[in-house]
Amino acid sequence: NNYTVLTFDDGTKDFYENTFPLLKKYNISAVQYISTKWIGSNGMPSLSHDYTYKIMNWKDIRELSKSPLITIGSHSVSHIRLNEINDENFIKEEIEESKLMIEEKIKKHVKHFSYPKGAYNKKIKEFVNKYGYEIAVSCTQGVNYCDTDRFSLKRYWVNKHTTIIHFWWMNKG
């Protein structure tokens, strides 16, 4: 059996305003990864292009977390490429503090982590495991199998140019 999991990074306001209503309408589950520093901000910087995102506020995130369709995960505190950081205390804060803050705000256990821009290494994976996450997703494209490392799960990037045929092909495994 093949399964598809919809995941969304960054906690953008447009997810709350546009995607969440569609997920509810069609009864589709998804995981939303958020970076806690930017909650309620109009200016979270993109890591890949010159753009800033408007981010959901805690009220929006709490509403999402109450839905049986949405799982909230961490995307670090400040949305930086963690593999470029050498200070282990800073890495710890990025990984652990985001989890603790989300759990405090939504009153649920946070089990999922998404590496900002998919940037990780062995040390980052060890921290994610150490601080109580059960899985972590990367930006490496591909299909996951039973023996895939649960702290380097692959995903496919889907955007407005992805056709249904391309989506089907990606999920063939």
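Residues numbered from 1 in each chain as written. Predicted model: local features only at pLDDT ≥ 70, side-chain atom pairs only at ≥ 80, totals over all residues. Heavy atoms only, no water.

## Brief notes about the pairing of strand β5 (residues 70-74)
Here is step 1: Burial analysis of β5 places four of its five residues in the buried class, which makes it a mostly covered element.
Here is step 2: Summarising the sheet, strand β2 (residues 30-34) and β5 pair through five bridges and their orientation is parallel. Across the sheet, residue Q32 finds its bridge partner in β5, namely I72. (Buried < 20%, exposed > 50% of the residue type's maximum accessible area, 1.4 Å probe, protein only. Helix = DSSP H or I, 4+ residues; strand = E, 2+ residues; numbered from the N terminus. Pairing = 2+ DSSP bridges.)

## Focus: the pairing of β2
Here is step 1: Among the five residues of β2, five are classified as buried, and the element is accordingly described as predominantly covered.
Here is step 2: Residues A30, Q32 and I34 line one face of β2 and the alternating positions V31 and Y33 line the opposite face, and both faces are buried.
Here is step 3: Alignment of strand β1 (residues 7-10) against β2, held across four bridges, turns out to be parallel. Its bridge partner being in β2, D9 is matched across the sheet by Y33.
Here is step 4: Since β1 and β2 lie parallel, the crossover through helix α1 (residues 13-26) that links them has a hand, and here it is right-handed. (Right-handed = clockwise from strand over helix to strand, strands pointing away.)

## Focus on the pattern of salt bridges
Here is step 1: Scanning all chains against the criterion turns up five salt bridges.
Here is step 2: Taking the shortest distance from any N to any O, the salt bridge between K92 and E96 comes out at 2.5 Å. Here the residue K92 and the residue E96 both occupy positions in helix α3 (residues 88-106), the gap between them amounting to four residues, near one helical turn. (Salt bridge = Lys/Arg side-chain N within 4 Å of Asp/Glu carboxyl O.)

## Examining α1
For an α-helix, 3.6 residues make a turn, and residues three or four places apart therefore share a direction.
Here is step 1: When the terminal C-alpha atoms of α1 are compared, their 20 Å separation across 14 residues agrees well with the 20 Å that a helix rising 1.5 Å per residue should span.
Here is step 2: Along α1, the sharpest kink reaches roughly 40 degrees, centred on T19 and followed within four residues by the proline P21.
Here is step 3: Within the span of α1, buried status applies to K13, F15, Y16, F20 and L23.
Here is step 4: Structurally, α1 contributes buried residues whose contacts are with β1, β2, α2 (58-66) and β5.
Here is step 5: Among the residues trailing α1, N27 stands out with phi positive, at a value near 55 degrees. (Expected span 1.5 Å × (residues − 1). Bend = angle between axes of the 7 residues up to and from the residue. Contact = heavy atoms within 4.5 Å.)

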